[in-house]
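Structural overview for review
Residue strings, one per chain:
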Amino acid sequence: MKKHIKIATYNICHCLNFVNYVPPEPAWKVLEIEPEKTAETIRSLGAEIVGLNEVYETGGGGLDEQAKTLARYAGFKNHAFGEAICFGGEKRYGNAMLLNDPLLSADVIKVPAPPQEQRTEGGYYEDRAILRVVTEIGGVKVTVMSTHFGLNPSEQKNMVEKLAEILDETKTPVILMGDFNAQPHEKVLQPIYSRLKSAADESNCREFTFASYAPERVIDYIFVSREFCVESVEAVDARTSDHRPLTATLSIETK
């Protein structure tokens, strides 16, 4: 028997509402944090599992407990937050997961930024993390991971090496999703492509995910292991973040 499930990945830009955004104004200066609007978009996706990036857990006001708040507003039974970094010792920030399926376990794998002496590129560096949860889909245990890559090649290389290590050790079916900040043709992603299927490739989806107000790139992905059949993929036309949500309808043989 086949079990069908819809999943989604969404970089929520800590619930800044981009509906009325006009570039090149700095978004954080002109936009409001509106978790209710972000939750409306998430609810509209109709997904049972949603991986989120750029989520705050603490920081005051609308930054507090964003995963819990979005789960409540969007109608999800379970949620998990995975810290990547704590800014100033006060603002906890990272990835999250919303689930209607059981949350059997959750852990966070930290991937620190390269040390100063290994930084060969300019720009901003940030510690990263992988949020890993184990759930059940139709009685089958499944490992679901959400992550967010940095912009620098050395950061991305570290992330891919850690993900490859985790994937090689994982014994269950896998869903890996998030904002990878790299386009499909880039060499850094090849170790992921060699281990998992790109949902977009499987369904011949060529829709851009970034930026929501002027889509021109694919940087958000859903990868799945061989146990899953990909039925459809869509980059949803929504403006409540600077990214579009990416959804995938999957099926898996159940016991």
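Residues numbered from 1 in each chain as written. Predicted model: local features only at pLDDT ≥ 70, side-chain atom pairs only at ≥ 80, totals over all residues. Heavy atoms only, no water.

**Looking at the layout of surface pockets**
Rule in force here: Computed over the protein atoms alone on a 1 Å grid, cavities are sets of points where a 1.4 Å probe fits but cannot get out and pockets are open sets with protein on both sides within 12 Å along at least five of seven lines; a residue lines them when it has an atom within 4 Å of a point. Grid points are joined across faces, edges and corners, and a volume is the space filled by probe spheres set on the points. The numbering of helices and of strands both runs from the N terminus, where a helix is a DSSP run of H or I of at least 4 residues and a strand a run of E of at least 2. Amino acids outside the nonpolar list (Ala, Val, Leu, Ile, Met, Phe, Trp, Tyr, Cys, Pro) and the charged list (Asp, Glu, Lys, Arg) are all regarded as polar, and Gly is one of them.
Taken as a whole, the largest pocket encloses approximately 640 Å³ of empty space. Taken together, 27 residues form the lining of the largest pocket, with Cys13, Glu54, His148, Leu151 and Asp242 sitting closest to its centre. When contributions to the lining of the largest pocket are tallied by element, the ones reaching two or more residues are helix H1 (27–30) and strand E2 (49–56). Tallied by class, residues from the lining of the largest pocket come to 14 nonpolar, six polar and seven charged. Approximately 200 Å³ is the volume found for the second largest pocket. Along its surface, the second largest pocket is lined by 17 residues, and Pro184, Ala200, Cys205, Arg206 and Val218 are the ones closest to its centre. Elements represented by at least two residues in the lining of the second largest pocket include exactly helix H6 (199–202) and strand E10 (220–224).

**A few points about the pattern of salt bridges**
Keep this limit in mind: Only one rule defines a salt bridge in this text: a Lys or Arg side-chain nitrogen within 4 Å of an Asp or Glu carboxyl oxygen. Residue exposure (1.4 Å probe, protein chains only): buried if accessible area is under 20% of the type maximum, exposed if over 50%, otherwise partly exposed.
As enumerated under the stated definition, the model contains 10 salt bridges in all. The closest approach of N and O atoms between Glu161 and Lys157, which form a salt bridge, is 2.6 Å. Of this pair, Glu161 and Lys157 both sit in helix H4 (residues 153–169), four residues apart, roughly one helical turn. With relative accessibility at 42%, the residue Glu161 sits in the partly exposed group. Lys162 serves as the salt-bridge partner of Glu165, at 3.4 Å between the closest nitrogen and oxygen. Taken together, the residues Glu165 and Lys162, both in helix H4 and three residues apart, mark about one turn of the helix. Take Lys162: its relative accessible area is 24%, and that puts it in the partly exposed class.

**Structural notes on the sheet that holds strand E1 (residues 2–11)**
Inclusion rule: Strands were regarded as paired on the criterion that DSSP finds at least two bridges between them. To obtain an axis, a line is fitted to C-alpha atoms, over the contacting stretch when the element is a helix, and the angle between two such axes runs from 0 to 180 degrees between their N-to-C directions.
The strand order E3-E4-E2-E1-E12-E11 describes an open sheet built from six strands, whose pairing is mixed. What marks the edges here is a single partner per strand, and that holds for strand E3 (78–87) and strand E11 (228–235). Strand-to-strand twist of the sheet, defined as the mean angle between neighbouring strand axes without regard to direction, takes the value 15°. Where E1 lies against strand E12 (residues 246–253), eight bridges are found, and the strand directions are antiparallel.

**As for the nonpolar core**
This is how it is decided: As used in this record, nonpolar core signifies buried Ala, Val, Leu, Ile, Met, Phe, Trp, Tyr and Cys residues forming a set joined through side-chain atoms within 4.5 Å. Any two residues having at least one pair of non-hydrogen atoms within 4.5 Å are treated as being in contact.
By size, the foremost hydrophobic cluster in this structure holds 27 residues, and its most contacted members are Ile7, Ile49, Ile175, Ile222 and Leu250. Dropping the residues within four chain positions of it, Ile175 is found in contact with Ile7, Ile137, Val142, Thr143, Val144, Met145, Ile222, Phe223, Val224, Phe228 and Leu250. Among the nonpolar cores identified, the runner-up in size contains 21 residues, and Ile166, Val174, Tyr193 and Val218 belong to it.

**Looking at the pairing of strand E7 (residues 140–148)**
Every regular strand shows the same layout, with side chains that alternate between the two sheet faces. Of all the nine residues making up E7, eight are buried; the element is thus mostly covered by neighbouring parts of the structure. Count of turn residues in the strand E6 (residues 128–137)/E7 antiparallel hairpin: two residues, of which Gly138 carries a positive phi of about 55°. In this structure, E7 lies alongside strand E8 (residues 174–179), joined through six bridges in parallel fashion. Note that in E8 the partner of Val144 across the bridge is Ile175.

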